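Coordinate inspection notes
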Amino acid sequence: MGKVTGLPPARVSIEQFCVDCNRPGHGKPFFPSHPELSVSWSHQNGIVMAAVSTFDIGVDVETLGSIPVDSDFSENVLCDAELEIFNKLPATSSDGASLKQLYVARQWVRKEAIVKLGGCSLDRLSKLDLGELYFPDFSLDTFQRINSGCDYAMIDISIVNRVCLGALVWRGETQGILLSATKEGRNP
Ligand SMILES: [Zn+2]
């Protein structure tokens, strides 16, 4: 936020407001002094991911170990088309990691980031179809990749031997903004 506005970080205040309860203190964060900027953050087990943008964004980060491998979880997260992809995956890859767990973890962070964006509620994750999105190449340890499809575009992030996965999501129609910002050399 300091970088985007030039304000000293100590002078940046962030508040939260929940539209479901119509109350402050939790829910989507915002900058009272700069309501035109979107902010999102996520943290787990000492890992933090945060983003500030001139258009609506949402982020989520999870450690792979926190993702359950049971079928109840995958059925709560994945839609029918994604379950079909999931069911065809081998239980393990050549290096012993569970491709099924990596797939459900990837869709979970993408969908959680969409929830943060305000595009979906937690109880409707299995109605959200991201099956058209590119399935990341898990042979790469650390990467960022821009993905577009469905109503959303996103950057998938995978860090440190796949111990941690993250996603930064925005609405598909705003993708041109991000691409032009990147082209001009500014940090999106
Ligand atoms: Zn609430």
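Structure shown above.
Note that the coordinates shown come from a computational prediction; the quantities given were computed from them, not determined experimentally.

1. Thoughts on the overall build of the protein chain
Counting its secondary structure elements, the protein chain contains 5 helices and 9 strands. If you list the helices and strands of the protein chain from N to C, you get α-β-β-β-β-β-β-α-α-α-β-β-β-α. The buried share of the protein chain, reckoned over its 188 residues, is 44%. Considering only intrachain contacts with a sequence separation of at least 6, the fraction spanning at least 24 residues in the protein chain is 46%. Put simply, the protein chain shows about 10300 Å² of open surface, and 53% of that area lies on carbon and sulfur atoms.

2. Observations regarding a negative patch on the surface
A cluster of like negative charges, contributed by Asp 80, Glu 84, Asp 129 and Glu 132, occupies part of the molecular surface. Inspection of the secondary structure assignment puts Asp 80 in helix α3 (residues 80-88).

3. Regarding the coordination of the zinc ion
Protein coordination of the zinc ion is provided by Cys 18 (SG), Cys 21 (SG) and His 26 (NE2), with donor distances spanning 2.0 to 2.2 Å. Considered as a linear motif, the donors of the zinc ion on their single chain read C-x2-C-x4-H. The class for Cys 18 is buried, based on a relative accessible area of 9%.

4. Considering α3
Restricting attention to buried positions, one finds in α3 the residues Glu 82, Leu 83 and Phe 86. Take α3 and look down its axis: the buried residues cluster within an arc of 100°, on one side only. What points out from α3, more than 90 degrees from its buried face, is the exposed set Asp 80, Glu 84, Asn 87 and Lys 88. At its buried positions, α3 is contacted by α2 (71-77) and α4 (99-117).

5. Comments concerning the environment of Gln 44
The topology assignment puts Gln 44 in strand β4 (residues 38-44). Residues Gln 44 and Ser 66, spaced 22 residues apart in sequence, show a C-alpha to C-alpha distance of 9.1 Å. Not counting residues within four places of it along the chain, the set of residues in contact with Gln 44 comprises Val 61, Glu 62, Thr 63 and Ser 66. In this structure the side chain of Gln 44 is engaged in a polar contact, spanning 2.8 Å, whose partner is the backbone nitrogen of Thr 63. Side chain to side chain, Gln 44 and Ser 66 meet in a polar contact 3.2 Å long.

6. Regarding unusual backbone geometry
Here Asn 22, not a glycine, exhibits a phi torsion of approximately 60°, which is positive. Position of Asn 22 relative to the elements: it lies in the loop between β1 (15-18) and β2 (23-24). The phi dihedral of Asn 45 falls on the positive side, at around 50°, and the residue is not glycine. Locating Asn 45 in the fold gives a position in the loop between β4 and β5 (47-53). According to the relative accessible area criterion, Asn 45 is exposed, its value standing at 61%.

7. Thoughts on the packing of aromatic side chains
Each aromatic ring pair is described using two quantities: the centre-to-centre distance and the angle formed by the ring planes. Under the defined criterion, the tally for this structure stands at 2 aromatic pairs. Both rings, one in Phe 55 and one in Trp 170, keep their centres 6.5 Å apart while their planes meet at 70°; by these two values the pair is edge-to-face. Taken together, the residues Phe 55 in the loop between β5 and β6 (58-63) and Trp 170 in strand β9 (residues 164-171) connect sequence positions 115 residues apart. Its relative accessible area of 9% is what places Phe 55 among the buried residues. One Lys or Arg, Lys 100, reaches over the ring of Phe 86 and ends 4.9 Å from the middle of that ring.

What counts, and at which threshold
- Residues numbered from 1 in each chain as written.
- Predicted model: local features only at pLDDT ≥ 70, side-chain atom pairs only at ≥ 80, totals over all residues.
- Heavy atoms only, no water.
- Helix = DSSP H or I, 4+ residues; strand = E, 2+ residues; numbered from the N terminus.
- Buried < 20%, exposed > 50% of the residue type's maximum accessible area, 1.4 Å probe, protein only.
- Contact = heavy atoms within 4.5 Å.
- Areas by Shrake-Rupley, 256 points an atom, 1.4 Å probe, with all protein chains shown as cover.
- Patch = residues over 30% accessible without salt bridge, like charges linked within 9 Å, V, L, I, M, F, W, Y side chains within 5 Å.
- Salt bridge = Lys/Arg side-chain N within 4 Å of Asp/Glu carboxyl O.
- Lys, Arg positive; Asp, Glu negative; His and termini not counted.
- Charge placed at Lys NZ, Arg CZ, Asp CG, Glu CD.
- Donors = N, O, S within 2.8 Å, 3.2 Å for Na, K, Ca; no water.
- Arc of directions from axis to C-beta.
- Polar contact = N/O pair within 3.5 Å; in protein donor to acceptor, adjacent residues only side chain to side chain.
- Phe/Tyr/Trp six-rings, centres within 6.5 Å; stacked < 30°, edge-to-face > 60°.
- Lys NZ or Arg CZ within 6 Å of the ring centre and 35° of its normal.

Read these as geometric descriptors, not functional statements.
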